[in-house]
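If you want the building blocks of each chain, they are given just below.
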Amino acid sequence: MKRILRIGAGALLAVLLLIAVKNEYARLLPVSSYGMQAAIQKKSVDHLFIGSSMFRQGLSIDILESELEGTSFILSYNGNQPAFIARELEYMLEEGLEVKNLYLDLYPYTAAATPWLSDTKILLDTDLAFKIDAWNLMASNSETIFLDFYEMFVTANNEQLLTYPIHNRLVSSQFRNGGNLLITSGQTKEYLDSLGMLGKRDGLQEAQVEGYERILELAGSHNIQVYFLETPKYERMYQDEDYMELYAACIQEIRRLAEGKEDTVILSLSKELNFDHSNPGYYQDLIHLSTEGRTTYTRLLCQALKN
């Protein structure tokens with residue numbers, strides 16, 4: 001009986017050790033061309049874009065690198081929210097990354113969302129302290145259960161780690177400096193008009209507004225120029241009252257937080273760029289751009305940034 005208990009205790013200790021090693025040291029694996037560790041290894045980035053799938057589908061790394069002077073990097077995670085973007089930025093700065101210009105994804109629905117880590121790939125890029133902080137943020141704002149904790153610290157990304165050489169090679173073929181290299185086609189007007197709207201939200205979340213505030217604090221202390229970029233949405237989104245209410249609230253909050261920081265915070269809204277929001281060929285769906293759309297938008301954006 002004692003022997004069985006010793007074996008069981010040894011097995012449990014080994015499992016706990018493996019979990020600790022994974023959560024602390026997986027970030028040290030050789031990186032691809034995507035994610036926080038890839039950005040950190042560059043030591044310095046002139047133009048760092050941090051956002052959600054809006055940036056992954058909405059920005060062309062080819063255009064950024066050809067039009068903007070200096071280096072560019074796109075850091076995008078699905079559903080990336082201001083509260084987590086603040087933590088990602090702080091983590092990279094603490095790891096020694098120097099940033100000259102910071103471009104943030106202005107997508108109202110992420111600012112209206114309850115803090116939650118939608119994309120577990122973030123966990124492959126960070127240490128245990130970051131993960132604990134992320135969990136505390138989620139747990140203090142949402143109803144979490146043990147299964148959520150178990151998934152985050154035990155099962156998340158295990159398949160990527162088990163197939164690491166293949167997975168890393170695949171990711172590297174799809175991205176360059178964080179920029180999406182895959183070609184995606186546009187849609188038809190009939191298809192886009194048939195899609196349902198994204199629904200009403202309850203207003204901006206306090207934790208997300210605090211994320212915006214923390215980002216500006218970090219930028220100020222590191223002498224970083226900040227831009228908030230709103231990637232184009234299909235014309236129906238701008239006709240939706242619920243979306244536009246959040247959109248206006250987001251802009252108002254950013255302007256409030258930026259008072260006295262006019263030289264460091266710039267809003268760049270897609271409607272100011274003469275982008276054709278009604279061209280269905282520019283969109284995959286109501287909020288994500290096709291390859292043609294992101295190429296056109298990024299070129300217009302770069303022209304505006306250089307003026």
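Residues numbered from 1 in each chain as written. Predicted model: local features only at pLDDT ≥ 70, side-chain atom pairs only at ≥ 80, totals over all residues. Heavy atoms only, no water.

Let us look at the pairing of strand S1 (residues 44–51). Of all eight residues making up S1, six are buried, and the element is well covered by its neighbours. Pairing analysis gives six bridges linking S1 to strand S3 (residues 98–105), with the strands arranged parallel. Paired with Phe49 across the two strands is Tyr103, which belongs to S3. Pairing analysis gives five bridges linking S1 to strand S2 (residues 72–76), with the strands arranged parallel. Bridge pairing in S2 links Gly51 to Ser76. (Buried < 20%, exposed > 50% of the residue type's maximum accessible area, 1.4 Å probe, protein only. Helix = DSSP H or I, 4+ residues; strand = E, 2+ residues; numbered from the N terminus. Pairing = 2+ DSSP bridges.)

Two numbers describe how helix H13 (residues 206–221) lies on helix H14 (residues 241–257): the axes approach to 10 Å, and their chain directions differ by 35°. Pair H13 / H14 crosses with right-handed handedness. Side by side, H13 and H14 meet where Val209, Tyr212, Glu213 and Leu216 of the first sit next to Cys250, Glu253, Ile254, Arg256 and Leu257 of the second. Class assignment of the residues belonging to the contact of H13 with H14 gives a composition of six nonpolar, no polar and three charged. (Axes fitted to C-alpha atoms, helices over the stretch in contact; angles between N-to-C directions. Left-handed = near helix turned anticlockwise from the far one by under 90°. Contact = heavy atoms within 4.5 Å. Nonpolar A, V, L, I, M, F, W, Y, C, P; charged D, E, K, R; others polar.)

This part covers the packing of helix H8 (residues 128–141) against helix H9 (residues 146–155). Geometrically, a packed helix pair is captured by the angle between its two axes and the distance between the axes. The contact between H8 and H9 brings their axes to 11 Å, and the two run at 160°. Put simply, H8 runs roughly antiparallel to H9. H8 and H9 meet at a crossing whose hand is right-handed. Listed contacts from H9 to Leu128, Lys131, Ile132, Ala134, Trp135 and Met138 of H8 are Asp148, Phe149, Met152 and Phe153. (Parallel < 35°, antiparallel > 145°, perpendicular 65-115°, else oblique.)

Let's shift gears to the packing of aromatic side chains. Tallying each qualifying case throughout the model produces 20 aromatic pairs. Measuring from centroid to centroid gives 6.4 Å for Phe275 and Tyr283, while their planes differ by 85°, and the two rings are edge-to-face. Overall, the relative accessible area of 6% leaves Phe275 in the buried class. Here Tyr283 falls in the buried class, since its relative accessible area comes to 0%. On the basis of an interplanar angle of 85° and a centroid distance of 6.2 Å, the ring pair of Phe275 and Tyr297 is categorised as edge-to-face. Pair noted here: Phe275 is in the loop between strand S7 (265–269) and helix H15 (291–306) and Tyr297 is in helix H15, with a separation of 22 residues, a long-range link. Grouping aromatic residues by their ring pairs yields a cluster made of Tyr107, Tyr109, Tyr238, Tyr243 and Tyr247. Just above the ring of Tyr109 sits the side chain of Arg201; from NZ or CZ to the centre is 4.0 Å. (Phe/Tyr/Trp six-rings, centres within 6.5 Å; stacked < 30°, edge-to-face > 60°. Lys NZ or Arg CZ within 6 Å of the ring centre and 35° of its normal.)

Judged by side-chain polarity, Ile145, Phe146, Leu147, Phe149 and Tyr150 come together as a nonpolar surface patch covering roughly 530 Å² of accessible area. Secondary-structure assignment places Tyr150 in helix H9. (Patch = residues over 30% accessible without salt bridge, like charges linked within 9 Å, V, L, I, M, F, W, Y side chains within 5 Å. Areas by Shrake-Rupley, 256 points an atom, 1.4 Å probe, with all protein chains shown as cover. Salt bridge = Lys/Arg side-chain N within 4 Å of Asp/Glu carboxyl O.)

Pairs may arise between side chains of opposite charge once their charged atoms sit close together. As enumerated under the stated definition, the model contains eleven salt bridges in all. Asp133 serves as the salt-bridge partner of Arg87, at 2.8 Å between the closest nitrogen and oxygen. In this pair, Arg87 is assigned in helix H5 (residues 82–94) and Asp133 in helix H8, connecting sequence segments 46 residues apart. With a shortest N-O distance of 2.9 Å, Asp193 and Lys189 are connected by a salt bridge. Taken together, the positions of Asp193 and Lys189, both in helix H12 (residues 189–194) and four residues apart, correspond to about one turn of that helix. When its relative accessible area of 32% is taken as the criterion, Asp193 is described as partly exposed. Note on Lys189: relative accessible area 42%, which makes it partly exposed. Taken together, the shared-partner salt bridges connect Asp62, Glu65 and Arg176 into one network.

Taken as a whole and assessed by the stated rule, the structure comprises three cavities of 30 Å³ or more. Reported here for the largest cavity is a volume of approximately 280 Å³. Lining the largest cavity are 18 residues, with Ser32, Leu124, Asp125, Tyr164 and Asn168 sitting closest to its centre. Sorting the residues of the lining of the largest cavity by element identifies helix H7 (121–124), helix H10 (158–162) and helix H11 (164–174) as the ones contributing at least two each. Per element, the largest residue contribution to the lining of the largest cavity is four residues, and it comes from H11. Tallied by class, the residues present in the lining of the largest cavity amount to nine nonpolar, six polar and three charged. A volume near 40 Å³ is recorded for the second largest cavity. Around the second largest cavity, the lining residues are Lys22, Asn23, Ala26, Leu123, Leu124, Lys131, Met152, Ala156 and Asn157. Secondary-structure elements contributing two or more residues to the lining of the second largest cavity are helix H1 (2–25) and H7. When its residues are assigned to classes, the lining of the second largest cavity shows five nonpolar, two polar and two charged. (1 Å grid on protein atoms, 1.4 Å probe; cavity = no way out; pocket = protein on both sides within 12 Å on 5 of 7 lines; lining within 4 Å. Points joined across faces, edges and corners; volume = space filled by probe spheres on them.)

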